[in-house]
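# Per-entry structural report
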Amino acid sequence: MAIKEVLVPDIGNFDSVDVIEVHVKAGDSVNQDDSLITLESDKASMDIPAPFSGTVKEIKIKVGDKAAQGTLIALVEAGEGAAEAAKPAPAAAAPVVTSVAAAEVPAPTKPVPEVPKPIAPQGTPNPVAARAEFAPGKNPHASPSVRKFARELGADLTRVTGSGPKGRITKEDVQAWVKGELTKPRAEALATGGGLSVLAMPAIDFSQFGATETQPLSRIKKLSGANLHRNWVTAPHVTQFDNADITDLEDFRKSMQDEAAKRGVKLTMLAFLMKAVVNALRAYPNFNASLSPAGDELILKQYYHVGFACDTPDGLVVPVIRDVNKKDVLDIARDLGELSAKARERKLKVEEMQGGCFTISSLGGIGGTAFTPIINCPEVAILGVSRSSIEPVWDAKSKTFEPRLMLPLSLSYDHRVIDGADGARFTSHLRMMLSDVRRLLL
Ligand code: CAO
């Protein structure tokens, strides 16, 4: 194998430029076009690539040296791929190139000079561009290899402070910046939009405290868990509580139950709630909306598809009843029954869970007085319904407490879209609709 001298190629009109980085050392293997050194003039920095593959025998240059065309960089023993070096040299490099067919010619006693292909300084085709690159505050001052290093790590050089001469950014500066970003305190990361950074959950061996059994989470639980977590941390939730007097509505529902049953429908409170919700969505269109992905626009919907949380043995699913505004209470109750049955039999189609504008989560059949439902994003609000109960309600006319059937409502909304006042207006509207069955049927 031939040992060749690698020289600085034609680098334009520069007589003497600083060597600011040496990327290889004796013993290193290099591939053709790997960067050997970085030079820097007052206008640009440029990497000098290896003209062929091989092994570095000796480095003849160091950081701080001055270099010009023809300066000896290193002695390199041509290795695999060196055949490329045997090809006739480009015309521009011809005066200083001695081509040697490494595989055929015995190693000369005196090293044969080899000149890398001339390269244009990166990003600096003309002096104007070169100056722009170094303009403080505009383009960061860094060599091509440091830029490449930063690109590989995803580091934004405009945010890195250079510690080298004239504020040049070094590889160490990039490393320090990345390290700093990774260890930023949580509050600062949030303030700069850098995402969440929370303590890792400790891995505890619970069997040290007593007997345990480990069960895998269902597919639905895993999917809904990830979505619920995202929704909980992305949308700033506020929950507005209220109570609706459904005494008359419940009487009406009971009076209609037999007729509904004859039509094969179970008429529950949820069907009336759907009707009331659509009425409130019409009155407060911001609740029937979604934020655009960039968060700078509100997309208002002119359709009324309402989802309902359905408890199944595999976990929570949310079927969607379409065009609730065009259906009567019995139609809605029929849809509710059919979709809940499908959900529990795992027969829901994907399209039966899509397109919802608003969700109702009713735990009324189970119990509880109030809860804080998580918004089904990108919807902007969800209504939680708890178990109704007879409460003493003050009647100002008769100046007595009356026993009334009260339904607890818990409305969670995305505070980026909905203000507190509108949250309270929405639940007041619902209360008014539910307490007067005539309004609901209008
Ligand atoms: N107060 C008092 N009783 C109520 C009530 C309320 N708010 N809502 C329903 N009920 C009663 C019903 O009248 C019914 O009584 P009868 O059987 O005596 O007629 C009983 O509770 C059961 O109702 P239901 O569950 O069959 O029907 P529904 O329309 O109320 O609810 C559905 C349907 C699918 C929403 C419900 O079955 C369900 O899955 N709920 C759970 C939702 C859930 O998990 N939410 C939490 C999500 S966040 O994790």
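Residues numbered from 1 in each chain as written. Predicted model: local features only at pLDDT ≥ 70, side-chain atom pairs only at ≥ 80, totals over all residues. Heavy atoms only, no water.

Regarding its fold elements, the chain presents 11 helices and 20 strands. Taking all 442 residues of the chain together, 40% fall into the buried category. When contacts within the chain are restricted to residue pairs at least 6 apart in sequence, long-range pairs at least 24 apart make up 62% of them. For the chain, the accessible area works out to roughly 24,500 Å², and carbon and sulfur atoms hold 54% of it. (Helix = DSSP H or I, 4+ residues; strand = E, 2+ residues; numbered from the N terminus. Buried < 20%, exposed > 50% of the residue type's maximum accessible area, 1.4 Å probe, protein only. Contact = heavy atoms within 4.5 Å. Areas by Shrake-Rupley, 256 points an atom, 1.4 Å probe, with all protein chains shown as cover.)

All right, on to the side chain of Asn288 then. Along the chain, Asn288 falls in the loop between α8 (269–283) and β11 (289–291). Apart from residues no more than four positions distant in its own chain, Asn288 is found in contact with Leu281, Ile299, Leu300, Lys301, Tyr303, Tyr304 and Cys357.

With that settled, the discussion passes to the sheet that holds strand β7 (residues 66–67). The antiparallel open sheet is built from four strands, whose spatial order is β5-β4-β2-β7. Single-partner strands in this sheet number two, and they are β5 (45–49) and β7. Bridging between strand β4 (residues 35–40) and β5 involves five bridges; their strand directions are antiparallel. Along β5, the bridge assignment pairs Ile37 with Ile48. Across the face of the sheet, helix α3 (residues 144–153) comes into contact with β2 (17–22), β4 and β5 while running at roughly 90° to β5. (Pairing = 2+ DSSP bridges. Axes fitted to C-alpha atoms, helices over the stretch in contact; angles between N-to-C directions.)

Here we come to the site of the ligand. Around the ligand, the surrounding shell holds 20 residues, and the nearest of these are Thr268, Asp311, Arg344, Ser361 and Ser388. Asp311 is positioned with one of its backbone polar atoms (N or O) 2.9 Å from an oxygen atom of the ligand. With respect to the ligand, the side chain of Ser361 contributes an N or O atom lying 2.9 Å from a nitrogen atom. When the free accessible area of the ligand is taken as 970 Å², the share hidden by the protein chains comes to 68%. Tallied by class, residues from the shell around the ligand come to seven nonpolar, eight polar and five charged. (Near = heavy atom within 4 Å. Polar contact = N/O pair within 3.5 Å; in protein donor to acceptor, adjacent residues only side chain to side chain. Nonpolar A, V, L, I, M, F, W, Y, C, P; charged D, E, K, R; others polar.)

Time to look at the packing of α8 against helix α9 (residues 329–344). Between α8 and α9, the shortest axis-to-axis distance is 9 Å and the interhelical angle comes to 120°. Overall, the two elements α8 and α9 adopt an arrangement that is oblique. Judged by the sense of rotation from one axis to the other, the crossing of α8 with α9 is right-handed. Along its contact with α8, which presents Leu270, Ala271, Phe272, Met274 and Lys275, the element α9 presents Val329, Ile332, Ala333 and Leu336. (Parallel < 35°, antiparallel > 145°, perpendicular 65-115°, else oblique. Left-handed = near helix turned anticlockwise from the far one by under 90°.)

Let's shift gears to helix α10 (residues 420–435). Its 16 residues place the ends of α10 23 Å apart at the C-alpha level, agreeing with the 22 Å of an ideal helix rising 1.5 Å per residue. Along α10, the positions that sit buried rather than exposed are Gly423, Phe426, Thr427, His429, Leu430, Met433 and Leu434. On an axial view of α10, the arc spanned by its buried residues comes to 150°, and they lie on one face. (Expected span 1.5 Å × (residues − 1). Arc of directions from axis to C-beta.)

Turning our eyes to something else, we now look at the pairing of strand β20 (residues 400–414). As judged from the nine bridges shared by strand β10 (residues 237–245) and β20, these two strands associate in the antiparallel manner. Within the sheet, the bridge partner assigned to Phe241 lies in β20 and is Ser410. Strand direction decides the pairing type here: strand β18 (residues 381–385) and β20, joined by five bridges, are antiparallel. Opposite Leu383, over in β20, you have Leu411 as the bridge partner. In the sheet, strand β19 (residues 389–395) pairs with β20 via seven bridges, with the strands oriented antiparallel. Bridge assignment links Trp394 to a residue of β20, and that residue is Phe401. The hairpin turn running from β19 into β20, its antiparallel successor, is four residues long, and Lys399 in that turn takes a positive phi close to 55°.

Leu273, Met274, Phe358, Ile360, Leu383, Leu409 and Leu434 are the most contacted members of the largest nonpolar core, which totals 53 residues. For this core, the element with the most residues is α8, which contributes 11 residues. When residues no more than four places from it in sequence are discounted, the contact partners of Leu383 are Leu273, Val277, Phe358, Thr359, Ile360, Ser361, Pro373, Leu409, Ser410, Leu411 and Leu430. If you look at the next biggest cluster of nonpolar residues, it comprises 21 residues, including Val6, Val30, Val56 and Ala74. (Core = buried A, V, L, I, M, F, W, Y, C linked by side-chain atoms within 4.5 Å.)

Counted by the stated rule, this structure contains six aromatic pairs. With 6.1 Å between their ring centres and 75° between their planes, Phe252 and Phe272 make a pair best called edge-to-face. With Phe252 in helix α7 (residues 247–262) and Phe272 in helix α8, this pair connects stretches of sequence that are 20 residues apart. Take Phe252: its relative accessible area is 25%, and that puts it in the partly exposed class. Here the aromatic residues Tyr284, Phe287, Phe358 and Phe426 are joined through ring pairs into a cluster of three or more. If you follow Lys171 out to its NZ or CZ, it ends over the ring of Phe149, 5.1 Å from the centre. Lying across the ring of Tyr304, Arg282 places its NZ or CZ 5.0 Å from the centre. (Phe/Tyr/Trp six-rings, centres within 6.5 Å; stacked < 30°, edge-to-face > 60°. Lys NZ or Arg CZ within 6 Å of the ring centre and 35° of its normal.)

Time to look at the confidence of the model for the chain. Per-residue confidence for the chain averages 84 on the pLDDT scale, and 83% of its residues sit at or above 70. Below pLDDT 50 for its whole length, residues 83–112 participates in 38 contacts with residues either more than four positions away or in separate chains. In the model, residues 187–194 has pLDDT below 50 throughout and makes five contacts with residues more than four positions away in sequence or in other chains. (pLDDT = per-residue confidence, 0-100.)

Let's shift gears to a nonpolar patch on the surface. A cluster of nonpolar residues, Leu196, Val198, Trp232 and Val233, forms a patch on the protein surface that exposes about 400 Å² of accessible area. Assignment of secondary structure puts Val233 in helix α6 (residues 219–234). Among the residues examined, Val233 registers a relative accessible area of 43% and is labelled partly exposed. (Patch = residues over 30% accessible without salt bridge, like charges linked within 9 Å, V, L, I, M, F, W, Y side chains within 5 Å. Salt bridge = Lys/Arg side-chain N within 4 Å of Asp/Glu carboxyl O.)

This next bit is on the pairing of strand β8 (residues 72–78). Most of β8 sits out of view: five of its seven residues are buried. Relative to β8, strand β1 (residues 3–7) runs antiparallel, the two sharing five bridges. Opposite Ile3, over in β8, you have Glu77 as the bridge partner. Relative to β8, strand β6 (residues 54–59) runs antiparallel, the two being bridged by five bridges. The residue of β8 that forms the bridge with Gly54 is Ala78.

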